[in-house]
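If you want the building blocks of each chain, they are given just below.
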Amino acid sequence: MIGELDEKKREALHASWVKVNQDFGSIFTSLLPGTMAKLEPPEGQTFLAGLEVKVQCLPMALHALCLTPQCKIDVVTST
């Protein structure tokens, strides 16, 4: 019985994560064109361990985040 409840909980959490992840990515892209965002579990873990926000954006989108003249963003690219 406990195993069944754990499985139902896992399925419900997974379905919620999938839906929230889709909506989050869509809203983020709408607010900041040229960006992409998603919720992912930490490396080597499952979604049950928690979620991290992963954001990918073009340099021009980063500058849209700067709201003050003192704001400075360093763009780091990976190869």
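Procedures and definitions
Residues numbered from 1 in each chain as written. Predicted model: local features only at pLDDT ≥ 70, side-chain atom pairs only at ≥ 80, totals over all residues. Heavy atoms only, no water. Helix = DSSP H or I, 4+ residues; strand = E, 2+ residues; numbered from the N terminus. Buried < 20%, exposed > 50% of the residue type's maximum accessible area, 1.4 Å probe, protein only. Contact = heavy atoms within 4.5 Å. Areas by Shrake-Rupley, 256 points an atom, 1.4 Å probe, with all protein chains shown as cover. Salt bridge = Lys/Arg side-chain N within 4 Å of Asp/Glu carboxyl O. Phe/Tyr/Trp six-rings, centres within 6.5 Å; stacked < 30°, edge-to-face > 60°.

Okay, the overall build of the protein next. Within the protein one finds two helices and two strands. Reading the protein from its N terminus to its C terminus gives the helix and strand order α-β-β-α. Buried residues in the protein amount to 14% of all 79 residues. Within the protein, contacts between residues at least 6 apart in sequence are counted, and of these 27% link residues at least 24 apart. Approximately 6400 Å² of the protein is accessible, and the part contributed by carbon and sulfur atoms is 61%.

Another aspect to go through is the pattern of salt bridges. Across all of its chains, the model carries four salt bridges by this definition. In this structure, the salt-bridge partner of R10 is E7, at a minimum N-O distance of 3.2 Å. Of the two residues, R10 and E7 are both situated in helix α1 (residues 2-31); the distance of three residues between them amounts to about one turn of the helix. For E7, a relative accessible area of 34% translates into the label partly exposed. Across the salt bridge formed by K54 and E52, the nearest N and O atoms sit 3.4 Å from each other. Among the residues examined, E52 registers a relative accessible area of 32% and is labelled partly exposed.

A few words on the packing of aromatic side chains. In total, this model carries two aromatic pairs according to the counting rule given. On the basis of an interplanar angle of 20° and a centroid distance of 5.3 Å, the ring pair of W17 and F47 is categorised as stacked. Here the residue W17 occupies a position in helix α1, and F47 occupies one in the loop between β1 (35-40) and β2 (52-57), the gap between them amounting to 30 residues. Centroid distance F24 to F28: 5.8 Å. Interplanar angle 50°. Geometry classified as tilted. Of this pair, F24 and F28 both sit in helix α1, four residues apart, which is roughly one turn of that helix.

Within the element layout of this structure, V55 appears in strand β2. We classify V55 as partly exposed; its relative accessible area is 45%. As a C-alpha pair, V55 and K38 span 17 residues in sequence and 6.7 Å in three-dimensional space. In this structure, V55 is in contact with F28, M36 and A37, ignoring residues within four places of it in sequence.

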